[in-house]
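# Structural characterization, general
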Amino acid sequence: MLINTYYNTDTIVAVATASGMGAIAVIRLSGANAITVANSVFKGKDLTKQASHTIHFGTIRDEDKVIDEVLVSLFVAPHSYTKENVVEISCHGSDFIVQQIIRLLLQNGARLASAGEYTKRAFLNGQFDLAQAEAVADLIASDSALSHEVAMKQMRGGFSQEIKRLRGELVHFASMIELELDFGEEDVEFADRNQLRALITNIQRIIRDLLKSFELGNVIKNGVPTVIVGNPNAGKSTLLNKLLNEEKAIVSDVPGTTRDFIEDEINIEGITFRFIDTAGLRETTDKVEAIGVERTMQKLSQSSLIIYLFDITEITAVQVQAELDRLNPKKLPLIAVANKIDQASPEKIQRFESIEGLVTISAAEGANLDELKQALVEKVNLGKLNIQSQTIVTNLRHVDSLNKTYTALEDTLNGLDLGISNDLVAADIRRALYSLGEITGEITTDDLLDNIFTKFCIGK
Ligand code: GDP
């Protein structure tokens, strides 16, 4: 039963489901003695004699006292998430019951798992590489179709393969140069310098694409930072509330969902739009004071998408155009939106036709909001995106490692141009390999692992 070769074998325990009342909760044990520990509190079949991937009904007992009726699932090493013996106890979803069962398991030889420890063990036991392990956290946090898709792809190894391929090619040259070093003073050249240059330039191009994809990856993972600007009383809060309420209505229609709302995020066609500083926006409508120019500009600088909202009954097309030019010198993606069309005649609305991409709405009546949503999606331009065929970086740690790799490769190229000695070229290549290896975990340090896995929650 003992399979762990490079990791300690204590048996860890944690609740794997969210706390609070639910139909069931799942407590997970992993480690060499997971099955024996579970067996010591379980009354039913002898768990130590059962096959892997079987489920058993019975009770958890504290001596003679029945704590709960449970189902126990067995995963015998190495056929489990962590590749260790794993037991999952499905009990009734009461925090009290969960606490009692965990207490019993601790008394019988398990210890509490630390944050991310299951996934860390899975990584150390070779279940997947580091980038894939990180994708597990992303998958759990995914809250839109796109973030789900990207995390799923990374978990299944799409991103890792690309990094490993680049690294493999570089390793080949590194070993050739190291070989030349072995020959010392003799004038041998195993590594064709022109080929090496071509390879490095190619890898740099791929890294640039990957780094560029982070812009998109970040948007997918964290949402598009969006800001609504406009004069006081233009209807900004009315619009935002309308958009948020529509979303909530959809979610709360699903019976039994007890989701917490993240107040100022809406999800349209799989894309999350995150509204910046909207609490402040509500505040200013109370005070009926103009948002200071500086503050508006600051908000704009944090956003990737601007909704400029104006009251069509209060302002002329010429004034709107002037405002647009002033607000958006950097030409960020912007949607001009005319509000309160319920108060304006068709002739009046027509006078605004010259404004590019104008959307006309009534926030109060909820008119044309679908057009506005469509415009938002089109601005982000994800609609056309085929993320299946593209590798997208979503993780800041990976960006950092890619940047370091890029610099080391640049140094290698410069070194080659200057004709520096082989050992220095070899050192630069090694540095590039090190940074690339950090992404997938071919190179790891305890600090790096701690950094990653302590961000996971307990039980993951
Ligand atoms: P903000 O200062 O830009 O946040 O504007 P508010 O959302 O507080 O709206 C200012 C006023 O305009 C409120 O009295 C709203 O009820 C009203 N209002 C907002 N949208 C519309 C609309 O589409 N039509 C009409 N007639 N009134 C609106």
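Residues numbered from 1 in each chain as written. Predicted model: local features only at pLDDT ≥ 70, side-chain atom pairs only at ≥ 80, totals over all residues. Heavy atoms only, no water.

The name an unreviewed UniProt entry assigns to the protein is tRNA modification GTPase MnmE, from the organism Pontibacter silvestris. Reading the Sequence similarities (unreviewed entry) entry of the UniProt record for the protein gives the comment "Belongs to the TRAFAC class TrmE-Era-EngA-EngB-Septin-like GTPase superfamily. TrmE GTPase family." (UniProt positions renumbered as here; feature names shortened; annotations may be inferred.)

Position of Ala25 relative to the elements: it lies in strand β2 (residues 22–30). The sequence separation of Ala25 and Ser94 amounts to 69 residues, and the corresponding C-alpha distance is 7.4 Å. In this structure Ala25 touches Thr17, Ile89, Ser90, Cys91, His92, Gly93 and Val98, once residues within four positions along its chain are discounted. (Helix = DSSP H or I, 4+ residues; strand = E, 2+ residues; numbered from the N terminus. Contact = heavy atoms within 4.5 Å.)

Enumeration over the complete set of coordinates arrives at 5 aromatic pairs. Seen from their ring centres, Tyr81 and Phe128 are 5.9 Å apart, and the 65° between their planes marks the pair as edge-to-face. Of the two residues, Tyr81 sits in the loop between β5 (65–75) and β6 (86–93) while Phe128 sits in the loop between α3 (117–124) and α4 (130–141), which places them 47 residues apart along the sequence. For Tyr81, a relative accessible area of 26% corresponds to the partly exposed category. Aromatic ring contacts, followed pair by pair, group Phe123, Phe453 and Phe456 into a single cluster. Geometry around Tyr118 places Arg28 over its ring, the cationic atom sitting 4.5 Å from the centre. (Phe/Tyr/Trp six-rings, centres within 6.5 Å; stacked < 30°, edge-to-face > 60°. Buried < 20%, exposed > 50% of the residue type's maximum accessible area, 1.4 Å probe, protein only. Lys NZ or Arg CZ within 6 Å of the ring centre and 35° of its normal.)

This part takes up the nonpolar core. A general tendency of soluble globular proteins is for nonpolar side chains to be buried together. Within the largest apolar cluster, 32 residues are counted, with the highest numbers of intra-cluster contacts made by Leu239, Phe273, Phe275, Val337 and Ile361. The leading source of residues in this core is helix α13 (residues 369–380), at 6 residues. When neighbours within four sequence positions are excluded, Ile361 is seen to be in contact with Leu239, Leu309, Val337, Ala338, Asn339, Lys340, Ile341, Ala367, Asn368, Leu369 and Leu372. Ranked by size, the runner-up nonpolar core spans 31 residues in total, among them Ile163, Ala174, Ile177 and Ile429. (Core = buried A, V, L, I, M, F, W, Y, C linked by side-chain atoms within 4.5 Å.)

Both faces of the sheet carry side chains from a regular strand, because those side chains alternate between them. Most of strand β12 (residues 334–339) is tucked away, with 6 of its 6 residues classed as buried. Regarding the hand of the β-α-β motif, the stretch spanning strand β11 (residues 305–311), helix α11 (residues 317–327) and β12 is right-handed. Sheet topology note: the β12/strand β13 (residues 359–360) ladder contains 2 bridges and is parallel. Within β13, the position partnered with Val337 by the bridge is Val359. (Right-handed = clockwise from strand over helix to strand, strands pointing away. Pairing = 2+ DSSP bridges.)

Further remarks concern the packing of helix α6 (residues 158–182) against helix α7 (residues 193–222). Packing of α6 against α7 brings their axes to within 11 Å, and their N-to-C directions diverge by 155°. On the basis of the axis angle, α6 is roughly antiparallel to α7. The two elements α6 and α7 cross, and the hand of that crossing is left-handed. Between α6 and α7, the residues in contact are Phe159, Glu162, Ile163, Arg165, Leu166, Glu169, Leu170, Phe173, Ile177 and Glu180 and Arg193, Gln195, Leu196, Leu199, Ile203, Ile206 and Leu210, respectively. (Axes fitted to C-alpha atoms, helices over the stretch in contact; angles between N-to-C directions. Parallel < 35°, antiparallel > 145°, perpendicular 65-115°, else oblique. Left-handed = near helix turned anticlockwise from the far one by under 90°.)

Of all the 8 residues making up α3, 7 are buried; the element is thus mostly covered by neighbouring parts of the structure. Of the residues making up α3, those classed as buried are Glu117, Tyr118, Thr119, Lys120, Arg121, Ala122 and Phe123. In this structure, the buried residues of α3 make contact with β1 (12–15), β2, β7 (111–112), α4, α15 (422–440) and α16 (446–453). Of the residues one or two after α3, Gly126 is the one with positive phi, at around 85°.

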